[in-house]
Amino acid sequence: QTDGAWRLATELPAIEKDLPESVRGMIERKISQLSEEDRRLLGVASVQGYEFDSAIAARVLGLAPDEVEERLEKLERVYGFVRLLREAEFPNHELTLRYRFVHALYQNALYNELRATRRATLSRDVAQALETCHGQQCVHAANELALLWEAARDYAKASAYFAIAARQAAKVFADAESAELARRGLHALAQTPETPERTDQELALQVMHGVALRAVKGFADPAVGEAFARARELCPHSGQNARLVPVLRGLWEYYE
């Protein structure tokens, strides 16, 4: 605690690794009380995240929405795993109930129960369900979709959504978040085959990364110079000559 505010001293995964056996055992015992169907439902919910939608879980599991809602109500009232936040409506006019896990440790325990291949499959299914429900307004769920496609190991789609999310963060001057999203996008893109489309995408991400880092770390930070220098290397291989203007300006400001 500093200046009257509480701050997390270490990352959540490290905290979970150091959990006392009594706490870990309590979580495992509570999960073991669930039926196989409820564990499967909460497993899908854990893939979507700390907050999740009943309609998405219903689509992924192929169940009727009212059946999923009834089961989630029981999981809240009887077992205390989840909590209802609000009713909502997707852009395709599909109704949903927005829930969250009572504690992030429950979500992580259920997520970690899934095998790697199952996580990837469910991440793909949840991402596709979200894309269907958001339709042309997928940009509003770009951050969530980027993480899901990354977990599904579809790195091209993940990179595209990370780029959208980074651009949206920059619009509201969330420069640190924009820099991190652009970095994640570049990391995902590096795992895709080299194509002209990949070159254009990397160029756009490098410019966003450089601009965001410049706002966070300052004009002369080495990482800023690296981002714009890499973008300058990519310019001759891209058909988008207009991109050269912000790249050269970024390099000029860095060296100045």
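For the structure, see preceding data.
Worth saying up front: this structure is predicted, and the values here are computed from it rather than measured.

## Brief notes about the sheet that holds strand S3 (residues 95-101)
In step 1: As summarised here, the arrangement of the 3 strands in space is S1-S3-S2, forming an open sheet in which the pairing is antiparallel. Every interior strand has two partners, whereas the edge strands, strand S1 (51-53) and strand S2 (82-89), have only one. Averaged over neighbouring strand pairs, the angle between their axes works out to 25 degrees when direction is ignored.
In step 2: Relative to S3, S1 runs antiparallel, the two sharing 3 bridges. Among the inter-strand pairings, glutamate 51 is bridged to a residue of S3, identified as arginine 100.
In step 3: Those strands touched by helix H4 (residues 54-61) are S1 and S3, and its axis lies near 60 degrees from that of S1.

## As for the packing of helix H10 (residues 175-189) against helix H11 (residues 196-217)
In step 1: One can describe the packing of H10 onto H11 by two numbers: an axis separation of 8 Å at closest approach and a directional angle of 150 degrees. Considering the angle they form, H10 stands roughly antiparallel to H11. Seen along the crossing, H10 lies across H11 with a hand that is left-handed. Contact residues: H10 offers Asp175, Ala176, Ser178, Ala179, Ala182, Arg183, Gly185, Leu186 and Leu189, while H11 offers Arg198, Gln201, Glu202, Leu205, Gln206, His209, Ala212, Leu213, Ala215 and Val216.

## Details of unusual backbone geometry
In step 1: Located in the positive-phi region is arginine 153, a residue other than glycine, with phi close to 70 degrees.
In step 2: Mapped onto the elements of the fold, arginine 153 is located in the loop between helix H8 (142-151) and helix H9 (155-171).
In step 3: Here phenylalanine 173, not a glycine, exhibits a phi torsion of approximately 60 degrees, which is positive.
In step 4: Take phenylalanine 173: it is sitting in the loop between H9 and H10.
In step 5: Taking the relative accessible area as the measure of exposure, phenylalanine 173 reaches 70% and is therefore exposed.

Criteria and cut-off values
- Residues numbered from 1 in each chain as written.
- Predicted model: local features only at pLDDT ≥ 70, side-chain atom pairs only at ≥ 80, totals over all residues.
- Heavy atoms only, no water.
- Pairing = 2+ DSSP bridges.
- Helix = DSSP H or I, 4+ residues; strand = E, 2+ residues; numbered from the N terminus.
- Axes fitted to C-alpha atoms, helices over the stretch in contact; angles between N-to-C directions.
- Contact = heavy atoms within 4.5 Å.
- Parallel < 35°, antiparallel > 145°, perpendicular 65-115°, else oblique.
- Left-handed = near helix turned anticlockwise from the far one by under 90°.
- Buried < 20%, exposed > 50% of the residue type's maximum accessible area, 1.4 Å probe, protein only.

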